[in-house]
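Here is what each chain is made of, one letter per residue.
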Amino acid sequence: TAASGGGLVAYADSAGGSAPEPSQDAPKKKVLVLGTGWAGTSFLKDLDCSRYEVKVISPRNYFAFTPLLPSVTCGTVEARSIVEPIRRMFEKKNKDVTFYEAECFKIDASKKTVHCRSAVGTNLDGNGDFMLDYDYLVVALGATVNTFNTPGVLEHCYFLKEVEDAQKIRRGVIDCFEKASLPNISEEEKRKTLHFVVIGGGPTGVEFAAELHDFLVEDLVKLYPAIQEFVKITIIQSGEHILNMFDVRIASFAEEKFQRDGIEVGTGFRVVKVSDDSITMKRKSVGEEVSVPYGMAIWSAGIGTRPVIMDFMQQIGQTNRRALATNEWLRVRECEGVYAIGDCATVSQRKIMDDISMVFKMADKDNSGILTLKEINDVLEDICLRYPQVELYMKSMHMLDIADLIRGAIGDSHKESMVVDIEEFKKALCHVDSQVKSAPATAQVAAQQGHYLAECFNKMEKCKENPEGPLRMTGGYKHLGQFAPLGGEQAAAELPGDWVSMGHSTQWLWYSVYAR
Ligand code: FAD
Ligand code: MG
Ligand code: MG
Ligand code: MG
Ligand code: MG
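Values in this document were obtained by computation on a predicted structure and should not be read as measured data. (Residues numbered from 1 in each chain as written. Chains lettered and ligands numbered in written order. Predicted model: local features only at pLDDT ≥ 70, side-chain atom pairs only at ≥ 80, totals over all residues.)

S.K.: Whenever I open this one, the overall build of the protein chain confuses me. Can you help?
M.R.: Summing up its helical and strand segments, the protein chain has 19 helices and 23 strands in all. Evaluated residue by residue, the protein chain yields a buried proportion of 39% over its 516 residues. Expressed as a percentage of contacts within the protein chain between residues at least 6 apart in sequence, the contacts between residues at least 24 apart total 66%. (Helix = DSSP H or I, 4+ residues; strand = E, 2+ residues; numbered from the N terminus. Buried ≥ 20, exposed ≤ 12 C-beta atoms within 10 Å, placed from the backbone. Contact = placed C-beta atoms within 7 Å.)

Given below as structure tokens:
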């Protein structure tokens, strides 16, 4: 346990305030969960639903295992085998949860209500809207596709986000093959019709292109031998490399594999327009525009913000952001009882330089105005828990301990008897906040956050008794800043069964890690 008594920083905003009454007869607090994706279901699976009155809203009454969506596009995996009905899940886990198949279109945090619209039609009065109130709201709405307002994308491109999208793509691919097989189609038109273009060289685009290649080469070519020579796959990426959020070794591996497979990789191109028969792109370096004819285009170039989240951020003054900002305990800042997890949210880690005077004062037990090495070491564990960037920074600089960090800043002379004043302390820590990273938008992070938040909800009374937060009361329980994925996108790529699986066997490994 941490050495300092009293805690370095007041974790007052972590849980406190509004925990449910421990009394038996008091009505249960209402927990309302928006979304049944990775984050929402992971929260629900781990939440002790007997403690709360739990309601769930989602326009889809199932959970979809997204890592296998690319395989559904090619029929390697059936759509029904990657979904789990939500009600089935509650039944299996014996959870008392109310589900409504509806879409939330407005969150009103000032009234603690949300406005919903039925996804399955209206009542006899023609009304499909209803309102629900909550004590605690868990926003797990995920993200949407981002077209960057590129003209023609919405009209002409396929997307790969939902199960229906994958099924649409599958039909679209077959249609292209049938069309190219018709007798009155010229060679030029066959070539165009069988040109499959994937726009976006991130994990989803890359995985889809790899799947598509296997599908075409292993299956379709046997069924359509006459047109095999006209088939082509291109992947377009605006950056210099595909998978540029990962380690360069992964990027090169993918690029080399694509080259061997005959998949054309066009990097450094930004798509500026899509029409019904051609894609126009700009070579970023020289600004010259080129147009390529295509048969089918799949847009996979980034994730965007859902309108309901956009509207909510506007209400609470979080403007010019892509995702809802939460504190390390996943609570939406300045918003009583509202938590946000998964792709619709980002944790904004506190900066140590914002709190530096307070940190100094807390560490300076004898009020001498200077810190000894011992004083610093006594609170170091606390500092690293609250500000994980300190440890990340020391690691990135190959520093063994805090003494190294301070010596580096104030010179070598102090050695073991080293003492620092506030100015020197600031100087030592001033670059540390550069290591604040945000978690990537992955299933892994979403599920971890859901799990973590459920744990906090299950222990909420204890949190109330311990305003220092979940950290202390569970003994070693950590806030999310402590988890590996906050090491950035890089770390995500190094976890078992990462995104760049490039084949079914590895995907199934993935499945075994996450299917609980
Ligand atoms: P989602 O899982 O998208 O869930 C959002 C939920 O909110 C859904 O249930 C949705 O129906 C519901 N919803 C939407 N709008 C509303 C509304 N208005 N009201 C109520 N409910 C609403 N990640 C990995 O880590 N590994 C992978 O291999 C991987 N592969 C992927 C492949 C594809 C094709 C895609 C699209 C994504 C992949 N991801 C992968 C990313 C991963 O799916 C996301 O990071 C993850 O789904 C985020 O979870 P979430 O709960 O935040 O959002
Ligand atoms: Mg969710
Ligand atoms: Mg999902
Ligand atoms: Mg997130
Ligand atoms: Mg002192």
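After that view of the structure, there is still more to cover.
S.K.: In this structure, what is going on with the environment of V359? I would like to understand it.
M.R.: Mapped onto the secondary structure, V359 falls in helix α10 (residues 356-363). Given 24 C-beta atoms within 10 Å, V359 falls into the buried group.

S.K.: Can you help me understand the site of ligand 1 in this one?
M.R.: In the vicinity of ligand 1 there are 34 residues, among which G35, G37, G142, G342 and T442 approach most closely. Mapped by element, the contributors of at least two residues to the shell around ligand 1 are α1 (38-46), β2 (53-58), α2 (69-73), β5 (97-108) and α15 (443-458). Residue composition of the shell around ligand 1, by class: 18 nonpolar, 11 polar and 5 charged. (Near = placed C-beta within 6 Å. Nonpolar A, V, L, I, M, F, W, Y, C, P; charged D, E, K, R; others polar.)

S.K.: Sorry if this is basic, but what is going on with the pairing of strand β12 (residues 232-237) here?
M.R.: Side-chain positions along a regular strand alternate between the two faces of the sheet. Burial within β12 is extensive, with 5 of its 6 residues counted as buried. Sheet topology places strand β11 (residues 195-199) next to β12; 5 bridges connect them, and they run parallel. The residue of β12 that forms the bridge with H195 is K232. With helix α7 (residues 203-223) bridging β11 and its parallel neighbour β12, the resulting β-α-β unit is right-handed. (Pairing = 2+ DSSP bridges. Right-handed = clockwise from strand over helix to strand, strands pointing away.)

S.K.: How should the packing of helix α13 (residues 402-410) against helix α14 (residues 422-429) be read in this particular structure?
M.R.: Relative orientation and spacing of two packed helices are given, respectively, by the angle between their axes and the distance between those axes. Relative to each other, α13 and α14 sit at 105°, their axes nearing to 8 Å. The orientation of α13 relative to α14 falls into the category roughly perpendicular. In this structure, α13 contributes L405, I406, A409 and I410 to the contact, and α14 contributes E424, K427 and A428. For the contact of α13 with α14, a count of residues per class yields 5 nonpolar, no polar and 2 charged. (Axes fitted to C-alpha atoms, helices over the stretch in contact; angles between N-to-C directions. Parallel < 35°, antiparallel > 145°, perpendicular 65-115°, else oblique.)

S.K.: Looking at this structure, I do not really get the sheet that holds β2. What am I missing?
M.R.: The pairing of strands in a sheet happens through backbone hydrogen bonds and is either parallel or antiparallel. In space, the 7 strands of this open sheet follow the order β7-β6-β5-β2-β1-β8-β20, with mixed pairing throughout. The two strands at the open ends of the sheet, each matched to only one other strand, are β7 (129-133) and β20 (338-340). The average undirected angle you get between the axes of adjacent strands in this sheet is 35°. Alignment of β2 against β5, held across 5 bridges, turns out to be parallel. Among the inter-strand pairings, K55 is bridged to a residue of β5, identified as T98.

S.K.: What exactly am I supposed to notice about the sheet that holds strand β14 (residues 269-274) here?
M.R.: In space, the 3 strands of this open sheet follow the order β14-β15-β16, with antiparallel pairing throughout. A strand with exactly one partner marks an edge of an open sheet, and here the two such strands are β14 and β16 (289-293). In this sheet, neighbouring strand axes are inclined to one another by 30° on average, regardless of whether the strands run parallel or antiparallel. The pairing of strand β15 (residues 278-283) with β16 spans 5 bridges and is classified as antiparallel. Following the sheet pairing, K282 is matched in β16 by E289.

S.K.: Can you walk me through the confidence of the model for the protein chain in this structure?
M.R.: Detailed reading of the predicted coordinates is not advisable wherever pLDDT falls low. Looking at the protein chain, the pLDDT average stands at 83 and 84% of residues meet or exceed 70. Throughout residues 1-19 the model reports pLDDT below 50, and contacts reaching past four residues in sequence, or to other chains, amount to 46 contacts. Within the model, pLDDT remains below 50 along residues 467-516, and this stretch shows 102 contacts once partners closer than five positions in the same chain are excluded. Our summary of model confidence lists the complex with pTM equal to 0.83 and ipTM equal to 0.96. (pLDDT = per-residue confidence, 0-100.)

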